[in-house]
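# Fold and contact review
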Amino acid sequence: YGAGAALTPARKAEQLPPAPAEPTPVVLDKALRQTSVKLNKARPPREVSAQAWAMEENVRFVLAEWDHLEPTPEHRQTIWNLVQVYYPEVVDTYLDAPQYRDASAVRVVVDSLTTLTRAAGRVRQGILDDNLRAMDSQAQFLREELGELPGLDDSYRGGDGYDPKP
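Here's what I pulled together on the structure shown here. (Residues numbered from 1 in each chain as written. Predicted model: local features only at pLDDT ≥ 70, side-chain atom pairs only at ≥ 80, totals over all residues. Heavy atoms only, no water.)

## Some thoughts on the nonpolar core
- Ranked by size, the top nonpolar core spans 32 residues in total, and within it Val59, Ile79, Tyr87 and Tyr94 carry the most contacts.
- If you list the elements that add at least two residues to this core, you get α2 (24-41), α3 (46-64), α4 (73-96) and α5 (103-146).
- Top element by residues in this core is α5. It accounts for 10 residues.
- Leaving out residues up to four positions away in the same chain, Val59 has contacts with Leu32, Ile79, Leu82, Val83 and Ala120. (Core = buried A, V, L, I, M, F, W, Y, C linked by side-chain atoms within 4.5 Å. Buried < 20%, exposed > 50% of the residue type's maximum accessible area, 1.4 Å probe, protein only. Helix = DSSP H or I, 4+ residues; strand = E, 2+ residues; numbered from the N terminus. Contact = heavy atoms within 4.5 Å.)

In structure tokens:
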């Protein structure tokens, strides 16, 4: 019995296939929406809503370009923290204050939302700048590769495609 038990392979527990994971941008968009709905249900002053909307706009742009951030995981982490941690904390702290409609509370929360908006805006701008660098690199390659082609000219000079330049 002892040797047979030691040589018998252990039973494998049946494993369920992993649940399909939602893509990170979907998870973050849901969390963003959830926090924004909570804020909007409280009917905050216009300045608060406007700043929250500006922040959401920057975050949604970044989420739409999420794959672009693959080489920069620190930017993905910034957006994750912004949506999953900072934005909900700012909203909860603001709405938990009994005087959340007072001008002083509005100034403080707008300042916090502005900080979040700028952080998301820097990531957004990084994506845009990177795209422009890629476009510029491509344009430079095309100029070097195709540049001045003999026989092609922007103006019509007799129509036979002859380039009189030596």
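## Here we look at the pattern of salt bridges
- Evaluated as defined, the whole model comprises five salt bridges.
- The partner of Asp29 in a salt bridge is Arg60, and the shortest N-O contact between them spans 3.1 Å. Remark: Arg60 occurs in helix α3 and Asp29 occurs in helix α2; sequence separation between them is 31 residues.
- What makes Asp29 buried here is its relative accessible area of 18%.
- Ionic pairing is found between Arg60 and Glu56, a salt bridge with its closest N-O pair at 3.4 Å. With Arg60 and Glu56 both in helix α3, this residue pair falls four residues apart, about one helical turn.
- Several salt bridges converge on common partners, so that one network encompasses Asp29, Arg33, Glu56 and Arg60. (Salt bridge = Lys/Arg side-chain N within 4 Å of Asp/Glu carboxyl O.)

## Examining a nonpolar patch on the surface
- On the surface, Phe141, Leu142 and Leu146 cluster together into a nonpolar patch covering about 290 Å² of accessible area.
- Within the secondary structure, Leu146 sits in helix α5.
- Leu146 sits in the partly exposed class, given a relative accessible area of 45%. (Patch = residues over 30% accessible without salt bridge, like charges linked within 9 Å, V, L, I, M, F, W, Y side chains within 5 Å. Areas by Shrake-Rupley, 256 points an atom, 1.4 Å probe, with all protein chains shown as cover.)

## Some details on the packing of aromatic side chains
- By the definition in use, this model includes one aromatic pair.
- Looking at Arg124, its charged tip hangs above the ring of Phe61, at a distance of 4.4 Å from the centre. (Phe/Tyr/Trp six-rings, centres within 6.5 Å; stacked < 30°, edge-to-face > 60°. Lys NZ or Arg CZ within 6 Å of the ring centre and 35° of its normal.)

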